[in-house]
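Tertiary structure, described
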Amino acid sequence: MKHVLIVEDHQKIRANLMMMLKKQTDLTMVGCASAEEAGDHLAHHEPDLMLLDIRLPGKSGLDLIQELGDALPPTIVISGEATISETVEALRLGVYDFIEKPISRERLLRSVRNCLEHQQLKTKLAALEADLAAAPTIIGDSKAMTFLVQQCAKVAPTDGRVMIRGESGTGKELVASYLHQHSKRAGGPFVKINCAAIPANLIEDELFGHVRGAFTDARTDKAGLFETAHNGTLFLDEIGDMDLSLQARLLRVLEDGTVRRLGDTRERRVDVRVVCATHHDLEAAVAQKTFRQDLYFRLNTVPLEIPALRKRGDDIRLLFFWFLNHYSRRHKLAVKQVDASLLHKLDHYAWPGNVRELRNLAERLVILGCDPITPDDLPGAFHQQPKPSAATLPAEGETFEIIPLRAFRNDSEKHYITAVLKACAWNFSQAAKKLAIQRTYLYQKTQTLGIEKPN
Ligand SMILES: Nc1ncnc2c1ncn2[C@@H]1O[C@H](COP(=O)(O)OP(=O)(O)OP(=O)(O)O)[C@@H](O)[C@H]1O
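Each value, and the rule that gives it
- Residues numbered from 1 in each chain as written.
- Predicted model: local features only at pLDDT ≥ 70, side-chain atom pairs only at ≥ 80, totals over all residues.
- Heavy atoms only, no water.
- Patch = residues over 30% accessible without salt bridge, like charges linked within 9 Å, V, L, I, M, F, W, Y side chains within 5 Å.
- Areas by Shrake-Rupley, 256 points an atom, 1.4 Å probe, with all protein chains shown as cover.
- Salt bridge = Lys/Arg side-chain N within 4 Å of Asp/Glu carboxyl O.
- Lys, Arg positive; Asp, Glu negative; His and termini not counted.
- Charge placed at Lys NZ, Arg CZ, Asp CG, Glu CD.
- Helix = DSSP H or I, 4+ residues; strand = E, 2+ residues; numbered from the N terminus.
- Buried < 20%, exposed > 50% of the residue type's maximum accessible area, 1.4 Å probe, protein only.
- pLDDT = per-residue confidence, 0-100.
- Pairing = 2+ DSSP bridges.
- Axes fitted to C-alpha atoms, helices over the stretch in contact; angles between N-to-C directions.
- Contact = heavy atoms within 4.5 Å.
- Expected span 1.5 Å × (residues − 1).
- Phe/Tyr/Trp six-rings, centres within 6.5 Å; stacked < 30°, edge-to-face > 60°.

A cluster of acidic side chains, namely Glu36, Glu37, Asp40 and Asp63, defines a negative patch on the protein surface. Among the elements that make up the negative patch, the one with the highest residue count is helix H2 (residues 35-44) (three residues). Looking at where aspartate 63 falls in the secondary structure, it is placed in helix H3 (residues 61-68). Of the residues examined, aspartate 63 reaches a relative accessible area of 33% and is grouped as partly exposed.

Below, the discussion takes up the confidence of the model for the protein. Mean pLDDT over the protein works out to 89, with 94% of the residues at or above the 70 mark. Listed scores for the predicted complex are pTM 0.63 and ipTM 0.99.

Here we take up the sheet that holds strand E10 (residues 233-237). The pairing of strands in a sheet comes from backbone hydrogen bonds and takes either a parallel or an antiparallel form. Pairing is parallel in the open sheet, where five strands are placed in the order E7-E10-E13-E6-E14. The open sheet is flanked by strand E7 (190-194) and strand E14 (302-305), the only strands paired with a single partner. With direction set aside, neighbouring strand axes in the sheet form an average angle of 20 degrees. Here strand E6 (residues 162-165) runs beside E14; their pairing, made up of four bridges, is parallel. Bridging across to E14, valine 162 finds its partner in valine 302.

In this section: unusual backbone geometry. In this structure, proline 102 follows lysine 101 across a cis peptide bond, with omega equal to -5 degrees. Tracing the chain through its elements places proline 102 in the loop between strand E5 (97-100) and helix H5 (105-134). Of note, the amide linkage connecting aspartate 371 to proline 372 takes the cis form, showing an omega dihedral of 5 degrees. Residue position: proline 372 is located in the loop between helix H15 (354-368) and helix H16 (405-423). Although it is not a glycine, tryptophan 351 sits at a positive phi angle of roughly 50 degrees. Within the secondary structure, tryptophan 351 is located in the loop between helix H14 (340-347) and H15.

Moving on, we come to the environment of tyrosine 296. The topology assignment puts tyrosine 296 in helix H12 (residues 293-299). When the C-alpha atoms of tyrosine 296 and glutamate 283 are compared, they prove to be 8.4 Å apart, with 13 residues separating the residues in sequence. Look past the residues within four positions of tyrosine 296 in its chain and what remains in contact with it is Leu282, Glu283, Val286 and Phe291.

This part takes up helix H10 (residues 244-256). Taking 1.5 Å as the rise per residue, H10 with 13 residues should run 18 Å; its terminal C-alpha atoms sit 19 Å apart, in good agreement. For H10, the elements touching its buried residues are helix H8 (200-208), helix H9 (225-228), E10, strand E11 (258-259), strand E13 (273-278) and H12. Directly after H10, the chain includes glycine 257, whose backbone phi takes a positive value near 65 degrees.

Applying the stated rule across the entire model yields ten aromatic pairs. Seen in terms of ring centroids, tryptophan 351 and phenylalanine 382 are 5.4 Å apart; in terms of plane orientation they differ by 70 degrees. Their pairing is edge-to-face. Here tryptophan 351, found in the loop between H14 and H15, pairs with phenylalanine 382, found in the loop between H15 and H16; they are 31 residues apart in sequence, far enough to count as distant. Each member of the pair, tryptophan 351 as well as phenylalanine 382, is classed as buried. Taking 6.3 Å as the distance between ring centres and 55 degrees as the angle between the ring planes, the aromatic pair formed by phenylalanine 428 and tyrosine 443 counts as tilted. Taken together, the residues phenylalanine 428 in helix H17 (residues 428-435) and tyrosine 443 in helix H18 (residues 439-449) connect sequence positions 15 residues apart. Using a relative accessible area of 18% as the deciding quantity, one classes phenylalanine 428 as buried. Since its relative accessible area comes to 47%, tyrosine 443 is described here as partly exposed. Three or more aromatic residues joined by ring pairs make a cluster, and in this case those are Trp322, Phe323 and Tyr327.

Written out as structure tokens, the structure reads:
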């Protein structure tokens, strides 16, 4: 039901306007005899449309329009005596239409209908724009991310089960929500649960729900997340942490598409797409029998791998500038300049917290950083020299060739000693001192490891 406010000082004309609009059964109408009275009404109500006379006793219709500013409801001005300049001014201030007295019924109805339709469209557009702004955007133009986005575009519209792998903060949840938003289930719910953050017995209750009396505290029936996610997507984060007994229940739901609340006898059919994520080595967990192999195959239909940020250096600057703009807008602050030496520091940092760490840093710099932002604005971790050994170790989840410990140790020692000798311009005494070993022992090491000074 639409609400119309009619502001007209002549009682007869007001009644006439109401009569003409009465045929529109979906309208409720309120009449006011002055701009002051209308102002009071508008302080407490938001009409869908205002019909406003310009010549009123006391404050004029134009005064009211100016006073309301952005709060002006969709308005049609009705006047017999308005001057051209008043008409132009009213239109400039956002009035939808201008109708001259005497008013024809057809003209009035057409204008009212158009104005209400126009308003409905504007509301729809605003909602669409908000949806678009809320839609997840995967930023990245490295080869790895371009490939990932291509894969996401292929798998999103299908109902294929997806397993997302990647270190913490790489964007696993972002990818899951992207898959949902680009699927035919986008109008349905996107429900997520972190299997590592909740104790096993509570996860069971969260996922499957219970009926009243199923346990001491179960005072009412409760639907589980599978039911909540009906016609949508259920994102099971950290699936590798799920308890074995729960894995069995999950497998059953995936196999027959029904859930049974705790303490219930009734099976309920659910239509849910399951997307899961883990940073664990699930294959190792399967080998160690801590993760069910049958469940692993059920969930792993389409594996998607998100590389750690340090392995896609091309994305660091792009993401940094994107977050810088994003948070400047959000905090209504001017976008700061960035010193080139800062970018160099970002490129050479290991980003253990991945994109989440980069995002938080960018927001902090938007709020606290100087303009231009320089390396002095960065936290201590960015100024530490990288430790030599850890940098070459394989990351968690990465496949690598396993070699005997002795071979690894020799190889590491060779690399490290060569680097130190280079840093000391092949001065053996200086290098031995830095390595805290005897000069003769260093010499022996270079012999056994085959380290040679280049010509
Ligand atoms: N490629 C990207 N483009 C834009 N934002 C990203 C990208 N990757 C990650 N983010 C942002 O970084 C933050 C962390 O991402 P997300 O929570 O998806 O990571 P995660 O891998 O699920 O982390 P965890 O394993 O700790 O739950 C989020 O704010 C996310 O929007």
